[in-house]
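# Overview (structure and organization)
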Amino acid sequence: MEREHDVLIVGGGGAGLRAAIAVAERDPRLDVAIVSKVYPMRSHTVAAEGGAAAVIKPNDSLDAHIEDTIAGADWLADQDAVEVFVREAPREMVQLEHWGCPWSRAPDGTVAVRPFGGMRIARTWFAADKTGFHMLHTLFQTALKYASITWYHEWFVTRLLVEDGRCQGVTALELRTGRLHLIAARAVILCTGGAGRIYPFTTNGAICTGDGMALAYRAGVPLKDMEFVQYHPTGLPPTGILITEAARAEGGVLINKDGYRYLQDYGLGPAEPWPRLRAMEMGPRDRLSQAFVHEVRKGRTVRGPYGDVVHLDLRHLGEATIRERLPFVRELCLHYAGLDPARELIPVRPVVHYMMGGVDTDVSGATPLPGLFAAGECACVSINGANRLGSNSLPELLVFGARAGAAAAAFALEHRDLRLSALAAQARDEEERLARRFRRAAAGSERLSRLRAVLTQTMEEGCGIYRDAAGLRAACATLADLRARCTRVALDDPSHVYNTELVAALEFNFMLDVAEAVAHSALAREESRGSHQRTDFPRRDDARFLKHTLAFATDGPPRIAYRDVVITRWPPAERVYGG
Amino acid sequence: MAEPTITLEVWRYHPEQEAAPRFQPYQVPYRPDWVVLDALNYIKDHLDGSVAYRWSCRMGVCGSCGMTINGVPRLSCAAFLKEYYPRPVRVEPLANFPVERDLIVDLTDFLEKLPAVRPWIIRRDAGPPDAEFRQTPEELETYRQFSMCINCLLCYAACPVYALEPRFLGPAALALAARYTLDSRDQGRAERHPVVAGPDGVWDCTLVGECTTVCPKDVDPAGAIQRLKLASALAWLRDVVLPWGRR
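Now for a quick tour of the structure. Note that residues are indexed from 1 along each chain, following the sequence as it is written. Ligands are numbered from 1 and chains lettered from A, in the order in which they are written. Since the coordinates come from a predicted model, pLDDT governs what is reported: local features require at least 70, and pairs of side-chain atoms require 80 or more to be given and counted, while whole-chain, interface and lining totals use all residues. Excluded from the side-chain calculations are hydrogens and water; all other atoms, namely the structure's heavy atoms, are used.

### Some thoughts on the interface of chain B and chain A
Two residues qualify as a contact provided that any one of their heavy atoms is within 4.5 Å of a heavy atom in the partner residue. Chain B puts 67 residues into the contact, and the matching count from chain A is 61 residues. What counts as buried area is the accessible surface, traced by a 1.4 Å probe, that two parts surrender upon association, with contributions from both included. Three residues, B:Met59, B:Trp120 and B:Glu132, lead the burial of chain B against chain A; their summed loss comes to 13% of the area buried on that side. A pairing counts as a salt bridge when a side-chain nitrogen of Lys or Arg comes within 4 Å of a carboxyl oxygen of Asp or Glu. Inspection of the region where chain B meets chain A yields seven salt bridges. In this structure, B:Arg185 engages A:Glu97 in a salt bridge whose closest nitrogen and oxygen atoms are separated by 3.0 Å. Labels follow the DSSP assignment, with helices taken as runs of H or I lasting at least four residues and strands as runs of E lasting at least two, numbered in each case from the N terminus. Of all the secondary-structure elements, those providing two or more residues to the side of chain B that touches chain A are helix H1 (36-47), strand E6 (99-101), helix H2 (108-113), helix H3 (137-144) and helix H6 (171-181) of chain B. In this classification, the charged set is Asp, Glu, Lys and Arg, the nonpolar set is Ala, Val, Leu, Ile, Met, Phe, Trp, Tyr, Cys and Pro, and all remaining amino acids, among them Gly, are polar. Along the lines of polarity and charge, the residues of the side of chain B that touches chain A split into 35 nonpolar, 15 polar and 17 charged.

### Points about the sheet that holds strand E5 (residues 89-92) of chain B
Residues and elements named next belong to chain B. In this description, strands pair whenever DSSP reports at least two bridges between them. Taking strand neighbours across the sheet as the criterion, the five strands line up as E2-E1-E5-E3-E4 in an open arrangement whose pairing is mixed. The open sheet has two edge strands with one neighbour each: strand E2 (22-29) and strand E4 (72-75). On average, each strand axis in the sheet is tilted by 35 degrees relative to the strand beside it, whichever way the strands run. Only the stretch in contact is used when a helix axis is fitted, and all axes are lines through C-alpha atoms; the angle between N-to-C directions ranges over 0 to 180 degrees. Each of strand E1 (5-12), E2, strand E3 (66-69) and E5 touches H1; the most contacted strand, E2, lies at about 95 degrees to it.

### Quick word on helix H11 (residues 420-442) of chain A
Every α-helical turn comprises 3.6 residues, leaving residues that sit three or four positions apart pointing alike. Any helix carries an expected span of 1.5 Å times its number of residues minus one. The end-to-end C-alpha distance of H11(A) is 33 Å, a good match for the 33 Å that 23 residues give at a rise of 1.5 Å each. In the core, the buried residues of H11(A) are packed alongside strand E7 (155-163), strand E8 (166-174), strand E9 (179-190), strand E22 (489-490) and helix H14 (500-524) of chain A.

### Concerning the sheet that holds strand E5 (residues 124-125) of chain A
Residues and elements named next belong to chain A. The antiparallel open sheet is built from three strands, whose spatial order is E3-E5-E4. Each edge of the sheet is formed by a strand with only one pairing partner; in this case those strands are strand E3 (52-53) and strand E4 (113-114). Here two bridges tie E3 to E5, and the two strands are oriented antiparallel to one another. Looking at the pairing, Ala-52 lines up with Trp-125 of E5.

Okay, here's the thing in structure tokens:
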């Protein structure tokens, strides 16, 4: 037996760090560990820019935030979860303020707020346009205070270990040595973030490969609402670097090749000179991304070296405002597009940004598998439904990170026994599986980068902003073919120390699991709702699909099932913006 | 017409197979909008999957991809090929750190030093319940710059003091000490002082300022160290020379 902890957290981003602090604060005698494939400050939370929503100002109300979130979700969010989220978000945000997060301030010293898409009131806290970066580093540095936290930096989890119907630990590859270790734990929390890398154009870092989603899926936990993939309307081609929604909140406008504010043609107008809440550029992300596709079809976009773009115009904001409120946008434009947004138009297009779906959990972060919890983007509680409103994901990882930490700590205190010999046997099996794979890879014939290109192109073509049955069926077939091909992957690298190619191959298998869950969930949902737009089923169908999709792993394609959405006080209504 | 190419000379070291490091040249397509990281990814995808390096966000904020590029510590996601073309680009691991393999260095030393400067808010009281601490934009401005550090460690690779004296806490850790000490919400100056002004702290710094030159986020660690030296000198003056002046 090598390692044993009360609570083991997989992933050291915002949700994982918040969960670890929650465990440490609950009882300093609880032994908590964070295992992460990267150093925690490299986690993708670092890339969030615009802000984090929570009700704090006297002109705002909890109900208003709840209603905006539910409408933004196209009524697919569980309303009990949204209520918990909105109620607890302010306390979590204040806690982060007390831990030192450098929030931007109003002149009187209170935290400043800015408007965000789909919200009726300005309630988004921000630290200039580096909000995720500051939140992540505040959480990381605060977590360093707690002696009860053990860190496994750069360990890659390959499998969840289930014994007696309970999750009792993981196997993890120590990248520095290439050794596979067993880490036993009384409770495990998955906080591994999103899976944007299953698409070719994404704001997501290279590390966002859906690992936790796939780990849970393989352990028998369903993935919920995976068909809902958020495109952010303003990514910088060709890299997908994010130009934050805050650029529009500060007054930036979207124009087509004729300089026309086209959003007014898609139920988001009328066009007025200054940003209006829940209208035009301040509409929700799904609507803005869909409008872009229509503009392409009408031939009103600009042809760029990397495909069609529209323009984000910040010129009228002036250099001073851009420097103060959007310094990172300016930095990114200068460095990566060679343009100054104070004087030039920014070429943008929709890029994959966020997975609304994820590991099925309840409001405490518990999955259906006892001992296994999940929080953050890899989880689906669900508060985001068919479309997440911008600035809800950062408070989500605080609220549900803390809740998952508390629930996992309680679970670990109640379930002390671990079946260590059985776990060791499972770990040996996993070691043999990986060794076999590794040996086979020496004689493989498929190049990993080729398979990855096929995967991402398949997702973009079949499971993009607009989908239909024929395209989805073709995508499912290609993914099944990739499943067979990926057993023949060749590896150039025979070594153990930091074999990043082996890690990429293991990540590719995770990506494939997640991609199949997305494609099959999308094929089964015969309606259009939020980010899931079926050209062959253009209407929302509450009679058949006011339900969460559950994708269960099988030996072949996933088995799809449904569960009713929790409706408390807000019956489904038409989603209206603009006006 | 054939696509133009550029040569990347990549520092290779596999501890399991090789006693000594070597440079391996690779020809990659030259595209003016590519950064060095794109070229490395091209190599890994198409030419040689065994080249090992760290990267993630490709937008200069995760801090993973620091390397020595033509002798200068840089983020490889922010170093454009067009800055070097048509000359070759030499890519090496960050200096002053033990190399694990290829371009991957061991960061353990920094991660062990970081908690020593107590990079978190220290308070004697809990703060206002259910409300934020008030902090004016001017108070925020006093430490804002020092809060921008992404821990990419280019500053350690550039620091001649750290090269000679590995016990030196170093620019990024000290910038974070300044960041919290200057924060109006923090009351931990006295607790950080013995470490910051101690034998491995700010007085080791010889003010070369290379850390500030290479910092991709304009944190100005050298300026942070100067601020801490001044604060440390004032504290010494207050405590030793004018002990009756203590509050």
